[in-house]
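One-letter residues, chain by chain:
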Amino acid sequence: MALKAEDVFRPGAFPEYTYISRKSAVSDLSYEFRLMQAIKVSGFLTSLVGPSKMGKTILCEKVIGFEKIVEVSGADFGEETDFWKLVASKAGLAYEGQFSSEKLITGTQDRYSKNEAFSLTKDKIIDYYKNENLVLVIDDFHYAPEEKRMRIAQQLKDAIRRGFKAIVISLPHRADEAIRRNADLSGRLSMINMEPWEVNELKEIAVLGFEKLGIQIEDAVATQIAIESLSSPQLMQYICLNICTILEMSESNTRCVKQEILETAYRYTTANFEYSDVVSLMQKGPNTRGKNRNRFRSNDGREYDIYELIVKSIAENPPIMKLKFEDIKERIYCLVSDDCGKPAPQTIKESLAKLRELLDAREDIFKVLDWKEGILYILDPLFLFYLRWGGGIKHV
Ligand SMILES: Nc1ncnc2c1ncn2[C@@H]1O[C@H](COP(=O)(O)OP(=O)(O)O)[C@@H](O)[C@H]1O
Ligand SMILES: [Mg+2]
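Residues numbered from 1 in each chain as written. Chains lettered and ligands numbered in written order. Predicted model: local features only at pLDDT ≥ 70, side-chain atom pairs only at ≥ 80, totals over all residues. Heavy atoms only, no water.

### Examining the domain arrangement of the protein chain
Heads up, the rule is: An automatic or database domain assignment supplies the start and end points of every domain. The term buried area means the drop in 1.4 Å probe accessible area that two parts suffer when joined, counted for both and summed. Any Lys or Arg side-chain nitrogen located within 4 Å of an Asp or Glu carboxyl oxygen qualifies as a salt bridge. Distance and chemistry together define a polar contact, namely a pair of N or O atoms within 3.5 Å, with one atom able to donate a hydrogen and the other to accept it when in protein, and with adjacent residues in sequence counting only for side-chain atoms on both sides.
Segmenting the protein chain into domains produces domain 1 (31-97 + 118-193), domain 2 (197-270) and domain 3 (276-389). Taking only C-alpha atoms, the centre of domain 2 and the centre of domain 3 are 29 Å apart. Of the roughly 1,000 Å² buried where domain 2 meets domain 3, counting both sides, 78% is carbon and sulfur surface. Looking only at domain 2, the three residues that lose the most surface to domain 3 are Glu228, Leu230 and Thr270, adding up to 53% of its buried area. When the shortest N-O distance is used, the salt bridge between Arg388 and Glu228 registers 2.7 Å. Inspection of the region where domain 2 meets domain 3 yields 2 residue pairs in polar contact (both at pLDDT 80 or more).

### Looking at helix α9 (residues 219-228)
Filter applied, for reference: For each residue, the accessible area found with a 1.4 Å probe, counting protein chains only, is set against the maximum for its type, and the residue is called buried under 20%, exposed over 50%, and partly exposed in between. Secondary structure follows DSSP: runs of H or I at least 4 residues long count as helices, runs of E at least 2 residues long count as strands, and numbering of each begins at the N terminus. In this description, one arc is meant: the one made by directions from the helix axis to the C-beta atoms. Note on definitions: a residue-residue contact is assigned when non-hydrogen atoms from the two residues lie within 4.5 Å.
All of the buried residues in α9 are Val221, Ala222, Ile225, Ala226 and Glu228. Considered in projection along α9, the buried side chains sweep an arc of 165 degrees and stay on one side of the axis. On the buried face of α9, the contacting elements are α8 (199-212), β8 (216-217), α10 (233-249), β9 (256-257), α11 (262-270) and α16 (381-389). Two residues or fewer past α9, Leu230 is found with a positive phi of approximately 50 degrees.

### Concerning the site of ligand 1
Heads up, the condition is: Residue proximity to a molecule or strand is established when one non-hydrogen atom of the residue lies within 4 Å of it. Only Asp, Glu, Lys and Arg are considered charged in this grouping, and only Ala, Val, Leu, Ile, Met, Phe, Trp, Tyr, Cys and Pro are considered nonpolar; every other residue, Gly among them, is considered polar.
In the region of ligand 1, 20 residues are neighbours, and Arg10, Ile20, Lys56, Thr57 and Ile58 sit closest. Separating an oxygen atom of ligand 1 from a backbone N or O atom of Pro11 is a distance of 3.0 Å. The set of elements that each furnish at least two residues to the shell around ligand 1 consists of α3 (56-64) and α10. Its residues assigned to classes, the shell around ligand 1 shows 10 nonpolar, 7 polar and 3 charged. Viewed by domain, the shell around ligand 1 spans two of them, domain 1 (31-97 + 118-193) and domain 2 (197-270), each represented by three or more residues.

### Let's talk about the pairing of strand β14 (residues 375-378)
Filter applied, for reference: Only strands joined by at least two bridges in the DSSP assignment are considered to pair.
The sheet contact formed by strand β12 (residues 322-324) and β14 spans 3 bridges and is antiparallel. By the bridge assignment for β14, Lys322 is matched with Tyr377. Where strand β13 (residues 369-372) meets β14, 4 bridges bridge the pair, whose relative direction is antiparallel. Residue pairing in the sheet places Asp370 in a bridge with Tyr377 of β14. The antiparallel pairing of β13 with β14 creates a hairpin that spans 2 residues between the two strands, and Glu373 there sits at a positive phi of about 45 degrees.

Okay, here's the thing in structure tokens:
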């Protein structure tokens, strides 16, 4: 039976037909090998860190296999969650319960039944994991409450010493302190940093997938999609799937990905993303308490304040996830028409700092950028993609 596009390109699940193995830059070994190697070291905890949507979860699923992986999310933990109870139930073990036993009372015909409560001990759970060769993966560790993270690290420390296998996945700079800076764990930690995807690696997803579907794509077209995917395999999978849908819906019935449909595919892809609140918060900037902000006349004939200019500058070509201050300033100066005033560098810097503060105070979906040491980091590739293609910039 012919493969369907949705089986080949899978932005939200394990990509069986388009799985790409990559080499990690530091060691020239594949990520699969490094993870396998790390898991095999008894008594060590594995810390896998990398930006959002880079394939961290998929890597664990590939290496450990669905039979042996027990996935828990940081979001499953509340302040009160019992670590071992959760770890047991995710592995299909009943942690607490009752069993009834019947006994013949000696010397009589009477039966005596008794209900006994039991609760599994931590030791039993660790043994179960060891006997079944299970590996616990605590995914998106940054979603666990901060207080709780330290206590989880404590529990893990003790368990791994007894041969329990666990991997903790987190975003860089945010939540890995509980693990990587935990003195108790030092010397018993395998660290794997997942680097963003290169254009060539992303391109392979399209080349492999379209070939499986019998659809032609030129190398240059695949490269363009890869650039637009902003180092994220998930975006690559999304865009390719949308291209297939567009081809399927078109009357001409072509089996070739033409350059002309790319923009449409990008725009359709953003329909799945919900960043409009993030964009409008960024454009508004912090509360001015009634004061009016300076406005700057742009080449498109409209006027923008500094926050709107920053948002516009991030969305400009080429798409970049890590922008130096000079680049941002340059982009803004290109947007503002020459004959009017331009925002001072200091103003741009201060506004970037305030923007970061504003976003950081909000829920996780808002944490799309970081500004430090003169560099603006876009943390979420899907956000930048939305900004570029989602008509995200609203004119007020
Ligand atoms: N090695 C890979 N090859 C091809 N596609 C991948 C690969 N890793 C991830 N992807 C794609 O990216 C999506 C997101 O990956 P995921 O592991 O969930 O990211 P993360 O856990 O880092 O946020 C996957 O659903 C899949 O579509
Ligand atoms: Mg994940």
